[in-house]
Amino acid sequence: MVKSFPGVRTKECIRNNKKDIYFSIRYTRNGKQYEESIGYKSEGFTAAQAYEILSELKRDIKTGKALSLKEKAEQREQEKIANEAANITFSELFEEYYQPHIQNKDRKSTYNREVHLYKKWLKPVLGGVKLNLISRISLTRVLQPMEKKGLSTRSKNYAIALIRQVFNFAIKNELFAGENLTAKFGKLKNDDNRRMRFLTDKELNDLLAEIKKHSYNIYLMALISADCGLRAGEIFKLTWAVLKNVYYF
């Protein structure tokens, strides 16, 4: 115990093959006595500095704001992580953390698809945006160019799902302390990948001619389907009487 600085303790020791002095402090909190490390004289610490730290800690205890030195260090680390998370951009999160994660975890096809989706549609819009600034409007801006290119609803839903996965990954790994706004962005409706396209007369004639080379029966069924708009099941149920009425055989 250092007489000039009550509550400060010192201990002589050998550190790096040299004599050194180690400082610590003792205090009482909620009826329990604590002792915590301050540091070594070789690191620049003095008894006066240790006493100043102890005095501040005692003031916090009196005002009900008491935190141990360990708790204060943890709080500072959490604040540091929160500040870093607030400044991290979507591209930094995806390329430095998320992409290496899925490369080792997911199938190659899934990995390639997500990376392609990110580079093609997400990065141009969200790449330089900080996570805490990404909102529902940001997601709408991602979908706009996809809409212009005529991508299916399924593809657009996949893009939103990927953004949601990236945010969930960041929150789970304490890379982001904010809210995952994509969780409130509902799935787009009318998720139908079917696309309607009609053959031109030339395309139809070329198709029928090619089918005829391989199978005359299938050619006749394709001809009936093209002329009457019938499906395979409907053609198979046709009778000669019906065909005569249609084609006047």
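Above this text sits the structure in question.
Quick caveat: nothing in here was measured; it's all calculated off a predicted structure.

Draft legend 1. The pairing of strand β3 (residues 32-40), seen in detail. For strand β2 (residues 18-29) and β3, the ladder comprises eight bridges, and the chain directions are antiparallel. Residue pairing in the sheet places S24 in a bridge with S37 of β3. Between β2 and β3, which pair antiparallel in sequence order, lie two residues; one of them, N30, sits at a positive phi of approximately 55°.

Draft legend 2. Expanded view of the sheet that holds β3. Reading across the sheet, the three strands line up as β1-β2-β3 and stay open at both edges, with antiparallel pairing between neighbours. Taken across any chain shown, the strands that pair with only one partner, and hence form the sheet edges, are β1 (8-15) and β3. Put simply, the sheet's adjacent strands are angled 30° from each other on average, direction ignored. Two strands pair when backbone bridges link them, and β1 and β2 are joined in this way by eight bridges, in the antiparallel orientation. Residue pairing across strands places C13 opposite D20, the latter belonging to β2. Packed onto the sheet, helix α1 (residues 47-62) meets β1, β2 and β3 and runs at close to 15° relative to β2.

Draft legend 3. Representation of the nonpolar core within the structure. Core analysis: the largest hydrophobic core is formed by 30 residues, its most contacted members being F90, L93, L122, L131 and I163. Looking at this core, the elements that each hand over two or more residues are α3 (90-105), α4 (108-126), α5 (136-148) and α6 (153-172). Among the elements that take part in this core, α6 stands out by supplying eight residues, more than any other. Apart from the residues within four sequence positions on either side, L131 is in contact with I88, T89, F90, L93, F167 and F176. Within the second largest apolar cluster, ten residues are counted, among which are V8, A50, L54 and L57.

Draft legend 4. Main features of the packing of aromatic side chains. Under the criterion given, the structure shown has ten aromatic pairs. For the pair F94 and Y118, a centre-to-centre distance of 3.9 Å together with 10° between the ring planes defines the contact as stacked. Of this pair, F94 sits in helix α3 while Y118 sits in helix α4, and the two are 24 residues apart along the sequence. Since its relative accessible area comes to 0%, F94 is described here as buried. In textbook terms, an aromatic cluster arises when at least three aromatic residues are bridged by ring pairs, as seen for F90, F94, Y98, Y118 and F169. Above the ring of Y40, the side-chain terminus of R15 is found at 4.2 Å from the ring centroid. The aromatic ring of Y158 is capped on one face by R113, whose charged end is 3.8 Å from the ring centroid.

So, how was this worked out
- Within any chain, residue numbers begin from 1 and follow the written order of that chain's sequence.
- Confidence filtering applies because this is a predicted model: local features only for residues at pLDDT of at least 70, side-chain atom pairs given and counted only at 80 or more, and all residues used for totals across whole chains, interfaces and linings.
- Heavy atoms from the whole structure form the basis of all side-chain values; hydrogens and water molecules are not counted.
- A pair of strands counts as paired when DSSP detects no fewer than two bridges linking them.
- Only DSSP runs of H or I reaching four residues or more are called helices, and only runs of E reaching two or more are called strands; each is numbered from the N terminus.
- All axes here are fitted lines through C-alpha atoms, helices being fitted over the stretch that makes contact, and every angle between N-to-C directions spans 0 to 180 degrees.
- Contact between two residues is taken to exist if any of their heavy atoms lie within 4.5 Å; hydrogens are not considered.
- Throughout, nonpolar core names a set of buried Ala, Val, Leu, Ile, Met, Phe, Trp, Tyr and Cys residues whose side chains join them through atoms within 4.5 Å.
- Think of it in three bands: residues with accessible area under 20% of the maximum for their type are buried, residues over 50% are exposed, and the middle band is partly exposed, with areas taken using a 1.4 Å probe on protein chains only.
- Put simply, two rings from Phe, Tyr or Trp (the six-membered ring, in Trp's case) pair if the centres are within 6.5 Å, and we call them stacked under 30 degrees between planes, edge-to-face over 60, tilted for the rest.
- We call a charge positioned over a ring when the NZ of a Lys or the CZ of an Arg lies within 6 Å of the ring centre and within 35 degrees of the ring normal.

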